[in-house]
Amino acid sequence: GTPSWNDDMSKDTFWPTGEDKYSAISFKDGKMILTGLTTTDGWRLAASEQLASVYIEATVSTGTCTGTDRYGIMYRVPVAREANKGYLFGVSCDGKYSLREWDATLGSKGTMTTHINWTASDAIQSGSNKTNKIGIMAVGDRMIIYINGVLINEVKDATFPEGSFGLFIGARETTNFSISVDEMSYWKNPTP
């Protein structure tokens, strides 16, 4: 059906542009360009309402990439302006996916909890200059992963019940690894 929200990336209406310590974001030719500036994951959140029950989907193309270079959707970020907690559903250049939970308030350097370790999937278009449609459905404590229209996996966790969303990138192996995002949408109150 029709999404509750859609961004065709023709303008920077919903996104903070420019550079920070971890990433840079710009818009060109109807696409968002997100570049990783460090090996540490960096993220940018879209200006939106707090979402609880939602399906979020993005169409993402890689530039030149290698191995564990990664990107994905960050969601259920409790406080958008702090962006120090939330879930990260990611895909890597070498054809793997993961689901992790970040909480910068735990421990001396924050705590990353892994719900699904990096796992290979034939549904992922791996390598440089490839496009993947990635989606995460979050309903209650259920988190259901989709890649290119294929239901991949599901986990249950209720640490963060709602929040903002955005995109993340980690230039683990390729300096200035970049992705281009053609479109991003969400549907509120989906039925799993």
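Look up a bit, the structure's there.
An account of the accompanying structure is given in this report. Everything numeric here is computed off the predicted structure, so don't read it as measured data.

**A short note on the packing of aromatic side chains**
Inspection of the entire model under this criterion finds 8 aromatic pairs. Ring geometry for Trp-5 versus Phe-14: centroids 5.1 Å apart, planes at 70 degrees, classification edge-to-face. On the basis of relative accessible area, Trp-5 is assigned to the buried category, the value being 11%. Each ring, one from Phe-165 and one from Tyr-186, has its centre 5.5 Å from the other, and the planes form 80 degrees; the classification is edge-to-face. You can see Phe-165 sitting in strand S14 (residues 164-170) and its partner Tyr-186 sitting in strand S15 (residues 178-188), a full 21 residues away along the chain. Using a relative accessible area of 3% as the deciding quantity, one classes Tyr-186 as buried. In textbook terms, an aromatic cluster arises when at least three aromatic residues are bridged by ring pairs, as seen for Trp-5, Phe-14, Phe-165 and Tyr-186.

How each quantity is defined
Residues numbered from 1 in each chain as written. Predicted model: local features only at pLDDT ≥ 70, side-chain atom pairs only at ≥ 80, totals over all residues. Heavy atoms only, no water. Phe/Tyr/Trp six-rings, centres within 6.5 Å; stacked < 30°, edge-to-face > 60°. Buried < 20%, exposed > 50% of the residue type's maximum accessible area, 1.4 Å probe, protein only. Helix = DSSP H or I, 4+ residues; strand = E, 2+ residues; numbered from the N terminus.

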